[in-house]
Amino acid sequence: MKTDVKEKRKAKKLGKKPELSKFYVYFREYALPLIVLLFAYVGFKIRDATSSYKTFLDPDTFFHYEMYRQAIQEWIPKYYAYAYPPAGIKAGGYLGLYTMQAIFYKVTHALFGTSVMGAFKLWPPFVGAMIIIGVFLVGKKLHSNWAGFWGAALIMFSTANITKTMSGNNRGEGPFMMFFLFAVFFLLVYLDEKSWNWKKIVGAIGFLVLSPIYMGVWNGSQLGVMVLLTVAAIVSVGLFIAGRIEQLRRFFRDYYPLLGLSIILGLAFSAIRFVGIECFLIFAFEAFIALTILVFIMLYGQKLGLNYSDKLHRFGTVAVIAVVGFLAFYGYFGRDLLKFLGQATQSTPLYQTVAELAKTHWNQIAPFFSVKSKDGLVFFIALAGFIIELFRLGKKFKERDYTWYKETWVVVYYLATMYLLWNAIRFSFQASGPIAILGGLAIGEAFVLVEGMKEKPSTKALYAIFLILLFLPLPYVGASYAYTQQENTMKYYKILNPKMPGSVPQSWTDALLWLRNHSSPYATVLSWWDYGYWEESSLLSHRRAVTDGGHAYDRRYIVARFFSGTNEKAEVDLEAWEDNYVITFLDPFDQQSDFGKFGAIAYLGGAINYGEYHKMAMFGFVQKSQILIHNNTVIIKFGENQYVEPYLTIDLTNGKVYHGTKGVIPYVLYITGYGGILAYKKIAFSDYVRLALHLPFSLKEWDAQKLFANFKLVYTAYNGYIERNFGVKIPSVMVYKFTPFAIYRMDLLQNGTWKPFYSTMGGGKLPLGNQTLRLWISAFGRDVKNATIIFEAYNGTKLVERKVVAENVYVNHLNETPVEVHLYVPKATKYRFLLIQKGPVGVTNGAVYVNGKLADSTHVLMPGQSGTIKLTEAFEKAYTNVEFTLRGVLYYYVAPNGTDIYKDNFYLEPHMDIVGYVPVEKLSSVKPGDNVITGRASVPADFFTRYIEELKKKYGNKVVIVSERIEPIFLTEKTYVLWEGS
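Residues numbered from 1 in each chain as written. Predicted model: local features only at pLDDT ≥ 70, side-chain atom pairs only at ≥ 80, totals over all residues. Heavy atoms only, no water.

**Brief notes about the overall build of the protein**
Helix and strand content of the protein: 30 helices and 29 strands. Rg of the C-alpha trace for the protein: 33 Å, near the compact-globule value of 30 Å for 982 residues, within the 12% margin. Seen along its three principal axes, the alpha-carbon backbone of the protein occupies a region of about 130 × 70 × 60 Å. Looking at the protein as a whole, 58% of its 982 residues qualify as buried. (Helix = DSSP H or I, 4+ residues; strand = E, 2+ residues; numbered from the N terminus. Rg over C-alpha atoms; globule rule 2.2 N^0.38 Å. Buried < 20%, exposed > 50% of the residue type's maximum accessible area, 1.4 Å probe, protein only.)

Dropping the structure here:
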């Protein structure tokens, strides 16, 4: 007896499909792609909502903008002067990103007259729109038009995807996903065709053209290469074990040449620095060769006598070869193999402190993959799609369907990004691609099931309409919510900083624009690394930053030591970086400030241990109404019946000091005019806190006087939002001018007795006539050596007296002793003490070349190498007798309690040691501005090893080397203003 089910099965075996309504088919084939274009437009508008900002939403984008400006002129940037001062950096990493953005600018400018900034802000929303289209095309090839349609709908409003494709966030993750999805689409077009035709040719060309592009636009593009290599391995081994040799032969013939060519093209483009993952691509190519050899063994091993008679023997062959191959690779790469197979994790104390590399939790994932708020619905839909794809993969494999490589690709892609997401929340964006595709596949499967039902075409069309109505709220609600969120974000930042809306607080824009107008164009600024790109930006101060978001990781330990340390423990050689300014950002009312970040600073600087970093907050804010003072006792009230007493309280409004009595908490309370700031005991008197609050208090006699002699407050920027809305002036950003040598105290010899008459904070005037003085010099981080001290007197601008008052001066910065001088002080309007000592001058202001080739300006020559160096050095003024040298600097830390960074008692002591100087050339003179300079140098082979061996003798296995540098430095007799006054 015939039944509908039997007829349906029979039709399926004959390759027939159930009949569908003609209008339904037209709608599916033609209307859905048009609606996807609408999705792309809506997705673009959501992501473009932030384009009206005057600055950018993402700090890294400030750096990307500078590279992009260079790429418009050079195509591939060579050098960036504003990181790693005074040497600058050889531009590296994902240089393809800037080239593609430059091409985008050239095209949009030619077609629409788009400005440089306009194109830069347009690029991320454009990328987001193209990703939506890419998800549709891939979903269509993997499953159906419906799967692509719903995948596009989901990624249109995906918060995880919007974060890296909205205007003002020009990182490489977005372009990578866009180009990778389109590359995979063309690859699938190519693989789906059995014989060569125009589709197969277009697919091959499209994949090969896009492969080096996706490799070049992001430093994490190893992800794409690894996914494709993994698919090659799984499909090849699966076909072999199943005994499908002819299918294996076809897959090898089609897939392997294209994959190998794509890796070779990536290597070729890395030679011109378009692609920045050369080392990984070498590894990938070697892995590809190993896979190719494996496939040859699988195809022709029987001829060599191998037994392929059953699945067990074939599996055993693969297992043995895999083990031998892994051991061979491990023997070749050693422990570096794990670096190629992994990603950035919390493997160093520095990485431990990077929030976006922290382990992921569900409460972080849910908002990124929600339709609205924190429901996480899209994540669960995708999980259902993943299960369906696993089922489809198994079913296809069992039915000997050759195209199971499609399901393998999406499963591998999903698992790879889930692994990354599990390790670090920063990878939520990369996960948004496969999650959208699998979510679309899950919903698309429902439509395909309807299409395969036995009902008549009109009934099935009604079912399809019902499904559309059922899922329609997803894109509608999701897009509305996402756009509202973007608008609210925009309004929020405009309220915070109406002058320059964007992620940079008003206090920072005020301070940085002040710096731009009041400092040398060659000046260097030190702050915590989060703000480095702001300092370097041509939109803001356009000054060199000691460390920033992507450069000088080794210096962060030293900056942290300076910020979190006290007295001698905090003193580091800031002049080694030619630092001129120090900026603090301790604002209880700004979430971006160091108020919440100081745990990382204190940990990296060695002020606290790993356990304290996790358990103790460094700062807390207390409302005025919570502070109770009675009988010289200070109590802080929390809640109804909760009271705590700080172990020390300092009232900055009147100078009173209160000591805790019993049951105290390990915090110092600073009472200000706007409330109280609680500071953890170990960092409460750190240099950072004292600078940020301008504390006049000393733990040791003269301590504060010394600090504020070296660091003079030159500008204070206030929290604009608080001031506008509440009328309270809260110091937010403090800018200090730094000098390594300064007089903090002067004593006068009178009747055989030394009497102090001047201090940094107390002031004082020079006595007239013949005098014998003691000058107390604060030498911050470096010694005074073989120096000369000169006294000058001025009437207005006219010099009336100039005399050398001391020669061959030496002051140990860790044990300072005064310098006695004899001088005549005439009547004048201004006096100065100057110190002349050899010091670094100039900043490298152009690419460095060694033997005619572009070189790394922080590793000009490696130990054991020689070469002719050519560079451009900029000087603020003319100098004579300048020594061109290469300076060797070693960054390391000592771990007194052992090097296991996950133990609670782990802490570190950071060090920066100047190992030595290698002479290059002696220059009789240099002019102000740029000077093209050449010279030849040879670096001893044991330049660092001898020094490191001595460190290991001293500290044993508790010393950890962070980095070694050999950078160009120019030395000459330099004049420092020790003191200036009346």
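**Looking at the environment of P59**
Residue placement: P59 occurs in helix α3 (residues 59-74). For the pair formed by P59 and Y533, sequence separation is 474 residues and the distance between their alpha carbons is 6.3 Å. Once residues within four sequence positions are removed from consideration, P59 is found in contact with D530, Y533 and W534. (Contact = heavy atoms within 4.5 Å.)

**Structural notes on the packing of helix α8 (residues 173-192) against helix α9 (residues 198-216)**
Two measures define how a pair of helices packs: the angle their axes make with one another and the distance between the axes. Orientation of α8 relative to α9, taken along the N-to-C sense of each, is 155 degrees, at an axis distance of 7 Å. The angle between the axes of α8 and α9 places the two elements in the roughly antiparallel class. The crossing of α8 and α9 is left-handed. Mapping the contact onto sequence places F176, F179, F180, F182, A183, F186, L187, V189 and Y190 in α8 and K199, K200, V202, G203, A204, G206, F207, L210, I213 and Y214 in α9. Among the residues making up the contact of α8 with α9, the classes are represented as 15 nonpolar, two polar and two charged. (Axes fitted to C-alpha atoms, helices over the stretch in contact; angles between N-to-C directions. Parallel < 35°, antiparallel > 145°, perpendicular 65-115°, else oblique. Left-handed = near helix turned anticlockwise from the far one by under 90°. Nonpolar A, V, L, I, M, F, W, Y, C, P; charged D, E, K, R; others polar.)

**Observations regarding unusual backbone geometry**
In this structure, the amide linkage connecting P85 to the following residue, P86, adopts the cis form with an omega of 0 degrees. Its location among the elements puts P86 in the loop between β1 (79-80) and β2 (89-90). For N632, which is not a glycine, the phi torsion comes out positive at approximately 60 degrees. Checked against the element boundaries, N632 lands in the loop between β7 (627-630) and β8 (633-638). The phi torsion at N751 lies on the positive side, around 55 degrees, for a residue other than glycine. Positionally, N751 belongs in the loop between β15 (741-750) and β16 (753-759).

**A word on empty space enclosed by the protein**
Here the structure, examined in full by the defined rule, presents three cavities of 30 Å³ or more. Here the largest cavity defines a volume of roughly 60 Å³. Lining the largest cavity are L154, I155, F157, S158, T159, F368, F369, S370, V378, S432, I435 and A436. Mapped onto the lining of the largest cavity, the elements with two or more residues apiece are α6 (145-156) and α19 (428-451). Here the residues of the lining of the largest cavity are counted per class, giving eight nonpolar, four polar and no charged. In this structure, the second largest cavity occupies an estimated 40 Å³ of space. (1 Å grid on protein atoms, 1.4 Å probe; cavity = no way out; pocket = protein on both sides within 12 Å on 5 of 7 lines; lining within 4 Å. Points joined across faces, edges and corners; volume = space filled by probe spheres on them.)

**Here's the deal with the environment of D651**
Of note, D651 is situated in strand β9 (residues 642-651). Among the residues examined, D651 registers a relative accessible area of 6% and is labelled buried. Placed 154 residues apart in sequence, D651 and N497 show a C-alpha to C-alpha distance of 31 Å. What D651 contacts, discounting residues up to four positions off in sequence, is K656, Y658 and I671. A polar contact is formed between the side chain of D651 and the side chain of T653, at a distance of 2.4 Å. A distance of 3.3 Å separates polar atoms of two side chains, one belonging to D651 and the other to N654. (Polar contact = N/O pair within 3.5 Å; in protein donor to acceptor, adjacent residues only side chain to side chain.)

**Here's the deal with helix α24 (residues 553-564)**
Counted at 1.5 Å a residue, the expected span for α24 with its 12 residues is 16 Å, and the 17 Å between its end C-alpha atoms agrees. Burial analysis of α24 places 11 of its 12 residues in the buried class, the great majority of the element. Of all the positions in α24, only D554, R555, R556, Y557, I558, V559, A560, R561, F562, F563 and S564 are classed as buried. (Expected span 1.5 Å × (residues − 1).)

**Some remarks on the side chain of E967**
Along the chain, E967 turns up in strand β29 (residues 959-981). A polar contact of 3.4 Å, which involves the side chain of E967, links it to the side chain of R965. Non-local contacts of E967, meaning those with residues more than four positions away in its chain, are made with A87, R555, S857, T858, V860, T885, L886, R887 and V889.

**What about a nonpolar patch on the surface?**
Together, W75, I103, V107, L111 and F112 make up an exposed nonpolar region whose accessible area comes to about 520 Å². Position of V107 among the secondary structure elements: in helix α4 (residues 95-112). (Patch = residues over 30% accessible without salt bridge, like charges linked within 9 Å, V, L, I, M, F, W, Y side chains within 5 Å. Areas by Shrake-Rupley, 256 points an atom, 1.4 Å probe, with all protein chains shown as cover. Salt bridge = Lys/Arg side-chain N within 4 Å of Asp/Glu carboxyl O.)

**Describing the packing of aromatic side chains**
The relative placement of two aromatic rings is captured by the distance of their centres and the angle of their planes. According to the stated counting rule, one finds 85 aromatic pairs in the structure shown. Seen in terms of ring centroids, F63 and Y533 are 5.2 Å apart; in terms of plane orientation they differ by 25 degrees. Their pairing is stacked. Of this pair, F63 sits in helix α3 while Y533 sits in helix α23 (residues 532-536), placing them 470 residues apart in sequence. Comparing F63 with Y533, the two get one shared label, buried. (Phe/Tyr/Trp six-rings, centres within 6.5 Å; stacked < 30°, edge-to-face > 60°.)

**Considerations on the sheet that holds strand β19 (residues 798-811)**
Read across the open sheet, the six strands follow the order β19-β18-β21-β29-β26-β27; overall the sheet is antiparallel. The strands lining the two open edges of the sheet, one partner per strand, are β19 and β27 (909-926). When strand polarity is set aside, the average angle formed by the axes of neighbouring strands in this sheet is 30 degrees. Strand direction decides the pairing type here: strand β18 (residues 784-795) and β19, joined by nine bridges, are antiparallel. What sits directly across from F791, in β19, is K803. (Pairing = 2+ DSSP bridges.)

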